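# Descriptive analysis of the structure
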Amino acid sequence: MLPFRLAGFALLLVSGAVAAEDWGDLDARIAKALPGVIELRHQIHQHPELGNREVQTAERIARRLRELGLEVQTGVAHTGVVGILRGGKPGPVVAIRAELDALPLTEQTGLPYASSVRAKDEGGDFRTRGKEVGVMHACGHDAHMAMALGVAEVLAARRDELPGTLKLIFQPAEEGPPLGESGGAKQMIEEGVLQNPAPAVIFGIHVTAGASGGFTLSRTRTTAAADTFVARIKGRQTHAAFPWTGIDPVPVAAQTILAWQTIPSRQSNLSVLPAPVISVGRIEAGDRHNIIPAEVRLEGSVRTVSDEQREDVLQRMRRTAEKIAEASGASAEVDYLPGNYRAGYNDTALVDRLLPVLESVSTVPVKVDSGTYGADDFAEYARQIPGIFMRMGVTPKALADKPVWPTHSPGFQVDDGALAVGIRALARMTLSYMQEH
Ligand SMILES: [Zn+2]
Ligand SMILES: [Zn+2]
């Protein structure tokens, strides 16, 4: 019996190998698609649009998806686009997410396809709000779109053999909608992007400064919650020569700013969770050198790693500001602004299963870390269904030894060669998940 069993086992192995080999030409297909993917990224890069205003970008994406034979939904959460590729074989639905929006920044890369687009900034930047600003894909969302379309291209070419459905989610306003508007991942979910068909898992890559084609991901927490806070410290205005006739909110603000730093350093149990980060980015007070102002306004960003820590830090910031103000006869209010980012988590079991796939396509050893203080609303999808959010280095080799231009800087650049690595990773992870189910 043994020889027969062995033969059966060998047959199984062979058929398994054949199934995997069915997609053995994937790398060649990606190589063939790459020039078109790069060209498309350059076009998108040259025509960036701000959050909820990605009209042309959405049209370009929808056009490309239709060319590839996908079902297309448009106008989701304002300008969002969804592409559905139904494979010829039964299997699970796998979602890949990319973002449509650019940033209010004037590009300084000097690239031939650099953006010269200008638009009115309707977002939260105090300096530029309501003014005309440069617009740039400084967060690499152009690369994310190009990679997602690359995956669609190589999998659509053999859709009859695809054992499942691919759902591509092109989401607007990841960087936040204009003031007073809704948008982003949360609204995409509210408008049903995780239904009909419902994805079993979701993948996302975010490009970052670092060795080109190198992946970093975490097994659990991946991105931080990011909240904008506003604190108003109120005193009583008076002449600078006679401070005792009023209540000076300026030293109260100074004491508060310093005291807040004891929340991460003295009040957080660092053996349990990474510390929160509290940064004051803006201080506004006064009109004239010899008048003590009535109020100081502080704005900043709080980064936390869990929902509990997020609430806890706000309570501690409030208590600190209120009690310090009270000691001087002043008063203080501290609030988070609505519509911020929650902490994001990768699905540990899914990471453990697909990490070998990622390692097999990566040109640089994959790093596993404990997450970043950066934020991304990909977190909203991964709170609904198992997800993997990965960071991929894209610094061009020519810039590797120069000072770093990170994402959100006017010199941020993407190595086009890394796009092939990103497409390989997303396509292989998608196929691997589908074939196992
Ligand atoms: Zn960004
Ligand atoms: Zn981004």
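Being a predicted model, the structure only gives us computed values, none of them experimental.

## A look at the coordination of the zinc ion (ligand 2)
Distances from the zinc ion (ligand 2) to its protein donors, Cys-139 (SG), His-141 (NE2) and His-206 (NE2), fall within 2.1 to 2.4 Å. Ordering the donors of the zinc ion (ligand 2) by residue number gives the pattern C-x1-H-x64-H. Separating the zinc ion (ligand 2) from the zinc ion (ligand 1) is a gap of 3.1 Å, which Cys-139 spans by donating to each of them. In this pair, His-141 is assigned in helix α4 (residues 141-156) and His-206 in strand β7 (residues 201-211), connecting sequence segments 65 residues apart.

## Things to note about the packing of aromatic side chains
In the structure shown here, the tally under the stated rule is 4 aromatic pairs. Look at Phe-229 and Trp-260: their rings are 5.2 Å apart centre to centre, the planes differ by 80 degrees, and that puts the pair in the edge-to-face class. Taken together, the residues Phe-229 in strand β10 (residues 225-234) and Trp-260 in helix α6 (residues 249-260) connect sequence positions 31 residues apart. By the burial criterion, Phe-229 is buried, and Trp-260 matches it. Three or more aromatic residues link up through ring pairs in this structure, and these residues are Phe-378, Tyr-381 and Phe-389. Above the ring of Trp-23, the side-chain terminus of Arg-158 is found at 5.0 Å from the ring centroid.

## Structural notes on the sheet that holds strand β15 (residues 331-336)
Spatially, β12-β14-β10-β15 is the arrangement adopted by the 4 strands of the open sheet, whose pairing is antiparallel. With one partner strand each, in any of the chains shown, β12 (277-285) and β15 form the two edges of the open sheet. For this sheet, the mean angle separating the axes of adjacent strands, direction not counted, is 20 degrees. Of the strand pairs in this sheet, β12 and strand β14 (residues 295-304) are connected by 8 bridges, and their pairing is antiparallel. The residue bridging Arg-282 from the neighbouring strand is Glu-299, located in β14. With respect to the sheet, helix α8 (residues 307-327) is in contact with β10, β12, β14 and β15, its orientation differing from that of β15 by roughly 165 degrees.

## Observations concerning the coordination of the zinc ion (ligand 1)
Taken together, the protein donors to the zinc ion (ligand 1) comprise Cys-139 (SG), Glu-175 (OE) and His-408 (NE2), at separations of 2.0 to 2.2 Å. Every donor residue of the zinc ion (ligand 1) comes from the same chain, spaced as C-x35-E-x232-H. By relative accessible area, which is 22% here, Glu-175 ends up partly exposed.

## With respect to the UniProt feature "binding site: Mn(2+)" (unreviewed entry) in the chain
Listed under "binding site: Mn(2+)" (unreviewed entry) in the UniProt record, and renumbered for this structure, are Cys-139, His-141, Glu-175, His-206 and His-408. The greatest C-alpha distance among the annotated residues, which extend across 270 residues, is 13.0 Å, indicating that they converge on a single site. With respect to the element layout, Cys-139 can be found in the loop between β5 (132-134) and α4. What Cys-139 contacts, discounting residues up to four positions off in sequence, is Leu-103, His-144, Glu-175, His-206, Val-207, Thr-407, His-408 and Phe-412. Judged by its relative accessible area of 0%, His-141 falls in the buried class.

## Describing the pattern of salt bridges
Following the criterion strictly, the structure yields 29 salt bridges and no others. Between Arg-29 and Asp-25 there is a salt bridge, with its nearest N and O atoms 2.9 Å apart. Accessibility expressed as a relative area gives 28% for Arg-29, which makes it partly exposed.

## A word on the sheet that holds strand β8 (residues 215-218)
With mixed pairing, 8 strands are arranged side by side in an open sheet as β1-β2-β6-β3-β7-β18-β8-β17. In this open sheet, the two edge strands, each paired with only one partner strand, are β1 (71-76) and β17 (367-369). Within the sheet, the average angular offset between the axes of one strand and its neighbour, ignoring direction, is 25 degrees. As defined by bridge partners, strand β2 (residues 80-86) adjoins strand β6 (residues 163-171) across 6 bridges and the pair is classed as antiparallel. The residue bridging Val-82 from the neighbouring strand is Ile-169, located in β6. Sheet strands in contact with helix α3 (residues 55-67) are β1, β2 and β6, and its direction is about 10 degrees off that of β2.

Calculation criteria
Sequence order as written defines the numbering, with residues in each chain counted from 1. For this description, chains carry letters from A and ligands carry numbers from 1, given in the order in which they are written. Side-chain atom pairs in this predicted model are given and counted only at pLDDT of 80 or more, local residue features only at pLDDT of at least 70, and totals for whole chains, interfaces and linings cover all residues. Remark: hydrogens and water are excluded; side-chain values derive from all non-hydrogen atoms of the structure. With water excluded from the atoms, a metal site may look incomplete; its donors are any N, O or S atoms within 2.8 Å, or within 3.2 Å for Na, K and Ca. Only DSSP runs of H or I reaching four residues or more are called helices, and only runs of E reaching two or more are called strands; each is numbered from the N terminus. Pairing of aromatic side chains requires ring centres within 6.5 Å, counting the rings of Phe and Tyr and the six-membered ring of Trp. Pairs whose planes differ by under 30 degrees are stacked, by over 60 edge-to-face, and all others tilted. Under the scheme applied here, a residue whose accessible area is under 20% of the maximum for its type counts as buried, over 50% as exposed, and between as partly exposed, the area being computed with a 1.4 Å probe on protein chains only. Whether a charge sits over a ring comes down to the Lys NZ or Arg CZ being within 6 Å of the ring centre and within 35 degrees of the ring normal. When DSSP finds two or more bridges between two strands, those strands count as paired. For every element, the axis is a line fit to its C-alpha atoms; helices are fit only across the contacting stretch, and the angle between N-to-C directions ranges from 0 to 180 degrees. Note on contacts: a residue pair qualifies if any of its non-hydrogen atoms lie within 4.5 Å across the two residues. UniProt positions are given in the numbering used here, feature names are shortened, and annotations may be inferred rather than shown by experiment. Basic side-chain nitrogens of Lys or Arg form a salt bridge, by our definition, when they fall within 4 Å of a carboxyl oxygen of Asp or Glu.

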